[in-house]
Amino acid sequence: MTYTLSELAAEVNGRLIGDADHLIDGVGTLGGAGPSQITFLANAKYRKALESTRAGAVILGAADADVCPANAVVVDDPHLAYAHVSALFAPPVEVRHGMHPSAVVSGDADVHPTAWIGAHSVVGPEVTLGANVVIGPGCYVGGHCSIGADTRLVANVTIYHGCTLGERVLVHAGAVIGSDGFGFANDKGRWVKVHQLGGVRIGDDVEIGANTTIDRGAVEDTIIGEGVKLDNLIQIAHNVRIGAHTAMAGCVGIAGSSTIGEYCAIGGGAGILGHLQVADRVTVTAMSLVTKSIREPGVYSSGTPLQRNEEWHRNYARFKQLDDMARTIRRLEKELETLKKG
Amino acid sequence: MTYTLSELAAEVNGRLIGDADHLIDGVGTLGGAGPSQITFLANAKYRKALESTRAGAVILGAADADVCPANAVVVDDPHLAYAHVSALFAPPVEVRHGMHPSAVVSGDADVHPTAWIGAHSVVGPEVTLGANVVIGPGCYVGGHCSIGADTRLVANVTIYHGCTLGERVLVHAGAVIGSDGFGFANDKGRWVKVHQLGGVRIGDDVEIGANTTIDRGAVEDTIIGEGVKLDNLIQIAHNVRIGAHTAMAGCVGIAGSSTIGEYCAIGGGAGILGHLQVADRVTVTAMSLVTKSIREPGVYSSGTPLQRNEEWHRNYARFKQLDDMARTIRRLEKELETLKKG
Amino acid sequence: MTYTLSELAAEVNGRLIGDADHLIDGVGTLGGAGPSQITFLANAKYRKALESTRAGAVILGAADADVCPANAVVVDDPHLAYAHVSALFAPPVEVRHGMHPSAVVSGDADVHPTAWIGAHSVVGPEVTLGANVVIGPGCYVGGHCSIGADTRLVANVTIYHGCTLGERVLVHAGAVIGSDGFGFANDKGRWVKVHQLGGVRIGDDVEIGANTTIDRGAVEDTIIGEGVKLDNLIQIAHNVRIGAHTAMAGCVGIAGSSTIGEYCAIGGGAGILGHLQVADRVTVTAMSLVTKSIREPGVYSSGTPLQRNEEWHRNYARFKQLDDMARTIRRLEKELETLKKG
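Residues numbered from 1 in each chain as written. Chains lettered and ligands numbered in written order. Predicted model: local features only at pLDDT ≥ 70, side-chain atom pairs only at ≥ 80, totals over all residues. Heavy atoms only, no water.

Engineer: I would appreciate a short explanation of the overall build of chain A in the present structure.
Structural biologist: Scanning chain A from terminus to terminus reveals five helices and 40 strands. The C-alpha atoms of chain A give a radius of gyration of 26 Å, which is well past the 20 Å a tight globule of 342 residues would have. Dimensions of chain A, computed from the C-alpha atoms along their principal axes, are close to 90 × 65 × 35 Å. Residues counted as buried form 59% of the 342 residues belonging to chain A. In chain A, of all internal contacts separated by at least 6 residues, the share reaching a separation of at least 24 is 16%. Carbon and sulfur atoms form 50% of the exposed surface of chain A, whose accessible area is close to 13,000 Å². The distance from the centre of the 28 positive side-chain charges to the centre of the 36 negative ones in chain A is 15 Å. (Helix = DSSP H or I, 4+ residues; strand = E, 2+ residues; numbered from the N terminus. Rg over C-alpha atoms; globule rule 2.2 N^0.38 Å. Buried < 20%, exposed > 50% of the residue type's maximum accessible area, 1.4 Å probe, protein only. Contact = heavy atoms within 4.5 Å. Areas by Shrake-Rupley, 256 points an atom, 1.4 Å probe, with all protein chains shown as cover. Lys, Arg positive; Asp, Glu negative; His and termini not counted. Charge placed at Lys NZ, Arg CZ, Asp CG, Glu CD.)

What follows is the structure in structure tokens.
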């Protein structure tokens, strides 16, 4: 995979300053790239590294072009341009059609001739696999699932029965889609299972991280909107709805029946309680807990600052006195007022 | 799967108001159910939706029967009654006996003739599988495990050697039972493994969520009591003991050697440190951290409220001054006292 | 596996007090061990249990030897000595060479004759497996990976292409190594994938817990240093570097491009934001969030104390007034000062 700089500049609609015929065969960091590699500068704090880069070319904004010692590809959004370039250097997924001899596929599955079912995978009855679908090794797809064109399950993925995945969905290893929602009724202390009769519907262009779990709905479906990106080890409970183009970092947990808007960003380890509404374009910072519905776009947070343990502990202990402190302050205000009057 | 309303009412010991012969073939929500579906009302805040429901029947309490525009099944506990009804509409797990030709089963495993071992599963030596056990596709059951009647491992589940599962246990996809506890001794900075020689014992009627992990004991067993329900992505460390009928929501972590009582409810993302005792009937709210033993039943919490980021940040920064604030308040109180006396 | 006490004492360089020929065939706890089992006392709070132990022998420090009613093996560090003893009683991993007939192994994989590839595992092209490597059942090893001698993948492990594991690495079930880092550029609200072109490099003597995920680097590699121990359900994002001999408890999340030092201890459920530096010998307590780089060794914490819900709620509500409280205190101080002067 080798490209001339003029090819790469054309790919990203960039303005090339330098040698149009320079050959690029890979990517690197500003600090690590060599003469045959291309890199990018998208964050002002790495500008220093630009000055000494040995890269063959740098994708950057106009403001940084002056100080670039290498060939430059000038664009409006260097990170976005780099994203497009990175696709050119990604190792291709091997194209195979049909199925590995060890795959176990139900006779009445509807498998597109260009789809591939990998070694030791199992595909249940009445499953539909679209064009160019790749079911990696060790996956299980339960009955009555529908998987759209160009979708890939990487390896050891489990999809329970009756789930629908759109086109160009990428499901990373170990992810589980369609497991039972956590629903139980209580009968004098004992839990009686509420059978989870809904499914999961996943839109086009969704990416689901490694070992992430998405439960099926109790009655209606759990819904992941188009273009949603979920990182690793995320838990999506039953009947959650996630709006299009929302992104969630690792270790997030969303409790049952909550609805998250479009274009949201949920930070790592954050939690959202059940039966809440979160508006479009809401950002929740890492490890915050959302306990009420959020009606307005914006950035929301909870939590306390990190300190050295001994300092933190002094403040931590005072947290238990906060209400008393507030009452004492109020009393002092009143007493002082009286004193001033007197 | 079609039932008359009189059949469904009988199933839940409900009083039927309406057409006893009305046919029901599925479940729905109050808002989404059609004339051939049954729904339920268990939460007062959905009463409004009752008035306009198009459902064929509604399971509800006596207080709501008046305003129900559809056939009604009146019960004491609508959620519990719905749980029983939901079982009638759950798609049956296909009944198969024996093993898939691709399964790899040790010659000295003791497999009940009504058990099933699915495609690409591996069952080790001296494993006992009871009546109607279902080992789904891609599972691994290590040697010397015992799995009780009617227990099901859904798919891609791993059970390490020497673990015992009771009857009617449901283990969701990707769960891992019996992995090594996190035990190391320190030898001048390097970690020396403490081999984990206990096992895991899981009682009857336990449900274990997708990608949940339960470590084996260091010396004695990790124990999950009868009727315990664990949601997805939960971590149970070595030598934890969980009392019967306790439920834990997703992403909870329990550190080593802690003992949790019976009938507890642990909220999503909560943590419990190691070597603690938690009494029976304790509720811990979401994302709280338990750092000391809890001796009394009740509801326990930690954490701070969610706010808009800029407001939160002002308070967050003050957390570091809490101890100083408390001392200043104390000083002001004294000074004011002096002033008042003087 | 039976040893005389003199053999066991020799193994740990301990001083034996008692019957050198006493036979030991297993381990137990102070409270549970019988006459043929050995136990240890490493924590003063279990000293009471020592007095009534029925164990065949106890590994302990000199200070506790007097009150030991059983044979004693006196050492400097009983926990470390026990770790060595535990290895003697660990069930041996069955030694097999070659591959199970159901394994699918690329013709150009370089597999050491003493390595073993288990049932239903898949090994991709140009993979190198060193001496005594054990690939357990249901694992997937992508192309161009290198796995060092004596390393073991337990079961249902996924290693993506192009990853390197050192020697004596133990990877527990369900772990995923080399999944795509969570990298996207934003194009008018839609996410464009930044292809993740780095790999993962894991040093010697690393242990990786069940269902833990380690993402591949965006450009350069994600690096896990020698002797690092990761518990279950940990998320390591792209381009993280973890220094040698650092240990992390379950459910930790480390965001992208952060560098963690050597000999660190990260408590369960803790989070570390992206692009940070954490010095050597830093301890972060459970469920703390690291939002800034940590330059100095020491113990660091965040969070609030657990209370009964009604008490907690009073203080929790006051958190929103913290900044106002601080300002009021400051005003009261000034007013009081004025009053005192006047």
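Engineer: Any chance you could explain the relation of the copies chain A and chain B here in plain terms?
Structural biologist: Two chain copies, one operation linking them: a rotation about an axis together with a shift along it. With an RMSD of 0.0 Å, the operation that places chain A on chain B is a rotation of 120° combined with a shift of 0.0 Å along the axis. What the superposition gives is, in effect, a three-fold axis relating one chain to the other. (Least-squares fit on C-alpha atoms with pLDDT ≥ 70 in both.)

Engineer: What exactly am I supposed to notice about the sheet that holds strand β4 (residues 26–27) of chain C here?
Structural biologist: Picture the strands of a sheet paired through backbone hydrogen bonds; they go either parallel or antiparallel. Residue and element names in this part refer to chain C. Here we have five strands laid out as an open sheet, ordered β2-β7-β6-β5-β4, and mixed in their pairing. Two strands bound the open sheet, and with one partner strand each, they are β2 (15–17) and β4. As paired strands, strand β5 (residues 37–40) and strand β6 (residues 57–60) are joined by three bridges and run parallel to one another. Within β6, the residue paired with Phe-40 across the bridge is Ile-59. (Pairing = 2+ DSSP bridges.)

Engineer: What exactly am I supposed to notice about the interface of chain A and chain B here?
Structural biologist: How large an interface is tends to be reported as the accessible area lost when its parts come together. Taken together, the contacts link 79 residues of chain A with 71 residues of chain B. Among the residues chain A hides against chain B, the three largest losses belong to A:Phe182, A:Trp191 and A:Leu197. Together they make up 10% of the total. The tally of links between chain A and chain B comes to six salt bridges. Residues A:Arg190 and B:Glu226 are paired through a salt bridge, measuring 3.2 Å at the closest nitrogen-oxygen approach. Joining chain A to chain B, the criterion identifies 29 residue pairs in polar contact (both at pLDDT 80 or more). Elements supplying a minimum of two residues to the side of chain A that touches chain B: β21 (176–179), β22 (184–187), β23 (190–193), β26 (213–215), β38 (289–290), β39 (298–301), α4 (309–319) and α5 (322–341) of chain A. The leading source of residues in the side of chain A that touches chain B is α5(A), at nine residues. Residues belonging to the side of chain A that touches chain B are distributed by class as follows: 37 nonpolar, 31 polar and eleven charged. Summarising the sheet, β39(A) and strand β40 (residues 307–308) of chain B pair through two bridges and their orientation is antiparallel. Across the sheet, A:Tyr300 pairs through a bridge with B:Arg308, a residue of β40(B). (Buried area = accessible area lost by both parts, 1.4 Å probe. Salt bridge = Lys/Arg side-chain N within 4 Å of Asp/Glu carboxyl O. Polar contact = N/O pair within 3.5 Å; in protein donor to acceptor, adjacent residues only side chain to side chain. Nonpolar A, V, L, I, M, F, W, Y, C, P; charged D, E, K, R; others polar.)

Engineer: I'm lost on the interface of chain C and chain A in this one. Help?
Structural biologist: Tallying the contact residues gives 78 residues for chain C and 71 residues for chain A. Summed over both sides, the interface of chain C with chain A buries roughly 6,000 Å², with 66% coming from carbon and sulfur. A per-residue breakdown of the area chain C buries against chain A is headed by C:Phe182, C:Trp191 and C:Leu197, which together make up 10% of the total. The interface formed by chain C and chain A includes six salt bridges.

Engineer: Even after reading the chapter, I still don't get the sheet that holds strand β16 (residues 146–147) of chain C, so can you show me in this structure?
Structural biologist: Residue and element names in this part refer to chain C. Spatial strand order, β10-β13-β16-β19-β24-β27-β30-β33-β36: nine strands in an open sheet with parallel pairing. Every other strand in the sheet has two partners, leaving β10 (110–111) and β36 (277–278) as the edge strands with one partner each. Strand direction decides the pairing type here: β10 and strand β13 (residues 128–129), joined by two bridges, are parallel. If you follow Val-111 over to β13, its bridge partner there is Leu-129.

Engineer: Please explain the pairing of strand β22 (residues 184–187) of chain C as it appears in this structure.
Structural biologist: Consecutive side chains along a regular strand alternate between the two faces of the sheet. Residues and elements named next belong to chain C. The sheet contact formed by β22 and strand β23 (residues 190–193) spans four bridges and is antiparallel. Bridged to Asp-187 within β23 is Arg-190. Here β22 folds back onto β23, and the loop between the two strands holds two residues, one of which, Lys-188, carries a positive phi near 50°.

Engineer: For this particular structure, what's the right way to read helix α5 (residues 322–341) of chain B?
Structural biologist: Within an α-helix, residues lying three or four positions from one another point in the same direction, as the helix has 3.6 residues per turn. Here α5(B) contains 20 residues, and its C-alpha end-to-end distance of 29 Å stays within 8% of the 28 Å for a straight helix at 1.5 Å per residue. For α5(B), the full list of buried residues reads B:Leu322, B:Asp323, B:Met325, B:Ala326, B:Thr328, B:Ile329, B:Leu332, B:Glu333, B:Glu335 and B:Leu336. Packing partners of the buried residues in α5(B) comprise α4 and α5 of chain A, α4 (309–319) of chain B together with α5 (322–341) of chain C. (Expected span 1.5 Å × (residues − 1).)

Engineer: Is there a simple way to explain helix α3 (residues 78–89) of chain C in this structure?
Structural biologist: Residue and element names in this part refer to chain C. Spanning twelve residues, α3 covers 17 Å between terminal C-alpha atoms, matching the ideal 16 Å at 1.5 Å per step. Counting buried residues along α3, nine of its twelve residues qualify, which places the element largely inside the surrounding structure. All of the buried residues along α3 are Pro-78, Leu-80, Ala-81, Tyr-82, Ala-83, Val-85, Ser-86, Leu-88 and Phe-89.

Engineer: Honestly, the side chain of B:Thr213 in this entry has me stumped. Any pointers?
Structural biologist: If you trace the backbone, B:Thr213 turns up in strand β26 (residues 213–215). Under the relative-accessibility criterion, B:Thr213 is labelled buried at 0%. Among the polar contacts listed, one links the side chain of B:Thr213 to the side chain of C:Asn232, at a separation of 3.4 Å. Residues in contact with B:Thr213, not counting those within four places in the same chain, are B:Val176, B:Ile234, B:Gln235, B:Ile236, C:Ala210, C:Asn211, C:Asn232 and C:Leu233.

Engineer: Would you explain the confidence of the model for chain A in this entry?
Structural biologist: The predicted coordinates should not be examined in detail at positions where pLDDT is low. Averaged over every residue, the pLDDT of chain A is 97; the share at 70 or more is 100%. Interface confidence in the predicted complex, given as ipTM, is 0.97; pTM for the same model is 0.98. (pLDDT = per-residue confidence, 0-100.)

Engineer: What exactly am I supposed to notice about the environment of B:Ala317 here?
Structural biologist: Mapped onto the elements of the fold, B:Ala317 is located in helix α4. Counting along the chain gives 151 residues from B:Ala317 to B:Gly166, while the straight-line C-alpha distance between them is 51 Å.

Engineer: Would you mind going over the state of the cysteines with me for this structure?
Structural biologist: Defined simply, a disulfide is a covalent bond joining two cysteines at their sulfur atoms. A full pass over the atoms with the stated rule returns zero disulfides over all chains. Distance from the sulfur of A:Cys163, which forms no disulfide, to the nearest cysteine sulfur (A:Cys145) is 4.9 Å. (Disulfide = S-S within 2.5 Å.)

Engineer: Before we go on, may I ask you to explain the pattern of salt bridges in this structure?
Structural biologist: A side chain of one charge can pair with a side chain of the opposite charge if their charged atoms are brought near each other. Here the structure, examined in full by the defined rule, presents 51 salt bridges over all chains. Here B:Arg314 makes a salt bridge to C:Asp323, at a shortest N to O gap of 3.8 Å. With B:Arg314 in helix α4 and C:Asp323 in helix α5, the pair connects residues from two separate chains. Judged by its relative accessible area of 43%, B:Arg314 is partly exposed. Within the structure, one salt-bridge network assembled from shared partners comprises A:Arg330, A:Glu333, A:Glu337, A:Lys340, C:Arg331 and C:Glu335.

Engineer: Where do I start with the pairing of strand β39 (residues 298–301) of chain C in this structure?
Structural biologist: Of the strand pairs in this sheet, strand β37 (residues 282–284) of chain C and β39(C) are connected by three bridges, and their pairing is parallel. For C:Thr283, the partnering residue across the bridge sits in β39(C) and is C:Val299.

Engineer: What is the right way to look at the packing of aromatic side chains in this model?
Structural biologist: For any two aromatic rings, the description comes down to two numbers: the centre-to-centre distance and the angle of the planes. Applying the stated criterion to the full structure yields 13 aromatic pairs over all chains. Seen in terms of ring centroids, A:Phe182 and A:Phe184 are 5.2 Å apart; in terms of plane orientation they differ by 80°. Their pairing is edge-to-face. On the accessibility criterion, A:Phe182 (23% relative accessible area) is partly exposed. By relative accessible area, A:Phe184 is classed as buried at 10%. Ring plane angle 40° and centroid distance 4.3 Å describe the contact between B:Trp312 and B:Tyr316, whose orientation is recorded as tilted. Of this pair, B:Trp312 and B:Tyr316 are both found in helix α4, four residues apart, which corresponds to roughly one turn of the helix. Assigned by exposure class, B:Trp312 and B:Tyr316 land together as buried. The cationic tip of B:Arg281 hangs over the ring face of B:Tyr263; the distance from NZ or CZ to the ring centre is 4.3 Å. (Phe/Tyr/Trp six-rings, centres within 6.5 Å; stacked < 30°, edge-to-face > 60°. Lys NZ or Arg CZ within 6 Å of the ring centre and 35° of its normal.)

Engineer: What's the story with the environment of B:Asn309 in this structure? I'm lost.
Structural biologist: Tracing the backbone through its elements, the reader meets B:Asn309 in helix α4. Since its relative accessible area comes to 22%, B:Asn309 is described here as partly exposed.

Engineer: Would you mind showing me how to read unusual backbone geometry here?
Structural biologist: Residues other than glycine predominantly adopt negative phi, and peptide bonds predominantly adopt the trans conformation. For A:Arg168, which is not glycine, the phi dihedral falls at a positive 55°. Within the secondary structure, A:Arg168 is located in the loop between β19 (164–165) and β20 (170–171). Even without being a glycine, B:Arg281 presents a positive backbone phi close to 55°. One can find B:Arg281 in the loop between β36 (277–278) and β37 (282–284).

Engineer: Mind showing me how you'd approach the packing of α5(A) against helix α4 (residues 309–319) of chain C here?
Structural biologist: Close contact between α5(A) and α4(C) brings their axes to 7 Å; oriented N to C, the two are set at 60°. On the basis of their axis angle, the class for α5(A) and α4(C) is oblique. In this structure, α5(A) uses A:Leu322, A:Asp323, A:Ala326 and A:Arg327 to contact α4(C), whose residues at the interface are C:Arg314, C:Asn315, C:Arg318 and C:Phe319. Across the contact of α5(A) with α4(C), the residue classes break down as three nonpolar, one polar and four charged. (Axes fitted to C-alpha atoms, helices over the stretch in contact; angles between N-to-C directions. Parallel < 35°, antiparallel > 145°, perpendicular 65-115°, else oblique.)

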